[in-house]
Amino acid sequence: MAAKATLVYSLRNSFVQHDINLLEQLGYRVETIASPPDKNPLKFLANRLRECALSLRHLPQSEALVVWFSDYHSFVPLLIAKLLGRKSLLILGGYDVVSDAENQYGLFYSSGIRRIMARQNFKWVRQLWAVDESLLTGCPTAAVQNGISSGLNTFAPDQLKKATTVPTAYDSSFWTKKNHKKVPKSILTVGLFTDKRVAIRKGVPLFLELASQCPDFRFTIVGEQNASLSSHFTFPPNVTLYPKASPQELQKQFGTHQFYFQGSRVEGLPNVLCEAMLCECIPIGRAVFGIPKAIGDTGFLFTSSNDFPALFKFLRSVDTQKGIAARERMIELFSIAKRAAAFEKFLQTTDKNTHA
């Protein structure tokens with residue numbers, strides 16, 4: 001009979017599903033506990049009770065617990081894993097080690113019990129993984145530019161000894177340009193834009209400012225939800241809006257656009273940026289958190305709109321081979337094989353070489 005592992009998450013994003021698939025490929029039967037965020041008091045309580053019931057059902061038979069993000073949904077499963085002596089892994093994705101007061105974002109922007117629970121999660125877990133080094137050490141550029149505090153070193157420095165950087169991984173066989181033809185002077189950005197704050201955090205104002213100053217370029221935004229963008233922003237005529245897209249639709253959008261723009265204030269390691277680069281989009285990104293690590297020398301990094309004059313020159317003189325270089329960088333740095341090896345190492349640890 002296959003060994004069991006339990007994986008806890010709030011939303012079943014693509015990176016969560018990838019890790020479920022990886023654990024199954026390593027021979028584990030994966031039990032999942034889903035706890036979507038909900039501010040309704042009764043639903044909030046129901047989530048906590050369900051986490052307790054499912055943890056008591058699955059963890060006694062599981063060899064390991066894997067949790068994506070530190071928040072309310074992590075607390076009970078990590079406590080039960082600790083009491084049962086099960087090895088546990090908490091994956092930090094960005095939100096859980098950030099405080100952005102201006103945009104009211106981040107787990108450590110919250111006060112009171114939420115911060116206390118987060119720090120307790122860090123103490124109980126055996127290992128901490130961050131998708132980018134900046135989530136451990138903090139991002140100085142984001143601090144200077146926007147006053148954003150970040151990093152495990154800022155909020156729980158005593159837990160750094162159990163932390164390491166393990167980037168997310170991407171399927172280069174699916175995320176590829178295939179037969180799509182790049183449209184010159186086309187720039188794309190993607191997100192799940194549920195409200196104005198998300199749009200600001202993801203850099204939509206910067207994207208629109210760039211569009212207004214480059215009228216000869218075509219700009220595309222994918223991911224508007226419930227008029228979250230059109231009701232708050234004015235769009236130049238060269239900007240096209242699309243709703244949330246399926247992976248297949250996104251793959252086509254990436255394949256046809258020449259550039260991809262990631263103007264976020266806060267990120268861990270942006271999945272859509274990495275997927276776009278695998279599809280040979282030439283990347284443009286704000287130099288914060290995991291964005292510089294992803295882009296390297298294959299695109300253009302900026303800190304604010306003050307850098308746009310240099311960006312305009314880049315857009316009009318760029319070597320089209322940069323897109324191929326972007327794909328090669330993704331394959332080299334963020335392969336599924338590397339993440340699978342990290343999971344295998346964690347799953348093979350014993351009490352003698354894991355952190356209690």
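Located above this text is the structure these notes cover.
Analysis parameters
- Residues numbered from 1 in each chain as written.
- Predicted model: local features only at pLDDT ≥ 70, side-chain atom pairs only at ≥ 80, totals over all residues.
- Heavy atoms only, no water.
- Helix = DSSP H or I, 4+ residues; strand = E, 2+ residues; numbered from the N terminus.
- Rg over C-alpha atoms; globule rule 2.2 N^0.38 Å.
- Buried < 20%, exposed > 50% of the residue type's maximum accessible area, 1.4 Å probe, protein only.
- Areas by Shrake-Rupley, 256 points an atom, 1.4 Å probe, with all protein chains shown as cover.
- Pairing = 2+ DSSP bridges.
- Axes fitted to C-alpha atoms, helices over the stretch in contact; angles between N-to-C directions.
- Contact = heavy atoms within 4.5 Å.
- Core = buried A, V, L, I, M, F, W, Y, C linked by side-chain atoms within 4.5 Å.
- Phe/Tyr/Trp six-rings, centres within 6.5 Å; stacked < 30°, edge-to-face > 60°.
- Lys NZ or Arg CZ within 6 Å of the ring centre and 35° of its normal.

A. Layout of the overall build of the protein chain. Counting its regular elements, the protein chain contains 15 helices and 14 strands. Rg of the C-alpha trace for the protein chain: 21 Å, near the compact-globule value of 21 Å for 356 residues, within the 12% margin. Taken along its principal axes, the extent of the C-alpha atoms in the protein chain is 60 × 40 × 35 Å. Burial status across the protein chain gives 54% buried among its 356 residues. Total accessible area computed for the protein chain in this model is approximately 15,400 Å², and 54% of it derives from carbon and sulfur atoms.

B. Here's a closer look at the sheet that holds strand β1 (residues 4–9). Read across the sheet, six strands follow the order β2-β1-β3-β4-β6-β8 without closing on themselves; strand pairing throughout is parallel. Two strands in the sheet have a free side with no partner beyond their single neighbour: β2 (29–34) and β8 (163–165). Between one strand axis and the next, the sheet turns by 20° as a mean value, whatever way the strands run. Bridging between strand β3 (residues 62–68) and strand β4 (residues 87–92) involves five bridges; their strand directions are parallel. The residue bridging Val-67 from the neighbouring strand is Leu-90, located in β4. The strands touched by helix α2 (residues 41–58) are β1, β2 and β3; relative to β2, the strand with the most contacts, the crossing angle is about 165°.

C. The arrangement of helix α3 (residues 72–84) in detail. Of all the residues in α3, the buried ones are His-73, Ser-74, Val-76, Pro-77, Leu-78, Ile-80 and Ala-81. On its buried side, α3 packs onto β1, α2, β3, β4 and α4 (113–124). Once α3 finishes, Gly-85 follows within two positions and takes phi at roughly 75°, a positive value.

D. Layout of the nonpolar core. Counting 82 residues, the largest nonpolar core has Phe-122, Phe-254, Tyr-260 and Phe-289 as the members making the most contacts within it. Per element, the largest residue contribution to this core is six residues, and it comes from helix α11 (residues 271–278). Sequence-distant contacts of Phe-122, defined by excluding residues within four places in its chain, comprise Ser-70, Leu-90, Leu-92, Asp-96, Val-97, Phe-108, Leu-128, Leu-152, Ala-156, Gln-159 and Lys-162. One finds Val-198, Phe-207, Leu-208 and Phe-300 within the second-largest nonpolar core, a separate group that totals 29 residues.

E. Layout of the sheet that holds strand β11 (residues 239–243). The strand order across the open sheet built from six strands is β11-β10-β9-β12-β13-β14, with neighbouring strands paired in parallel fashion. With partners counted over all chains shown, the strands left at the sheet margins are β11 and β14 (300–302), one partner each. Going across the sheet, the axis of each strand differs from the next one's by a mean of 20°, ignoring polarity. Looking at chain direction, strand β13 (residues 282–286) and β14 are connected through three bridges and run parallel. When the bridges of β14 are listed, Ile-284 appears paired with Phe-300.

F. Expanded view of the packing of aromatic side chains. Applying the stated criterion across every chain, the model contains 21 aromatic pairs. Relative to Phe-343, the ring of Trp-129 has its centre 4.9 Å away and its plane inclined at 55°; by these criteria the two rings are tilted. Residue Trp-129 is found in strand β6 (residues 127–130), and its partner Phe-343 is found in helix α15 (residues 336–347); the two are separated by 214 residues along the sequence. Overall, Phe-343 belongs to the buried group, its relative accessible area being 0%. In this structure an aromatic cluster arises from ring pairing among Phe-207, Phe-219, Phe-261, Phe-302, Phe-308 and Phe-312. The lysine or arginine in question, Arg-48, covers the ring of Phe-44, its NZ or CZ lying 4.5 Å from the ring centre.

That's the geometry; what it means functionally is another story.
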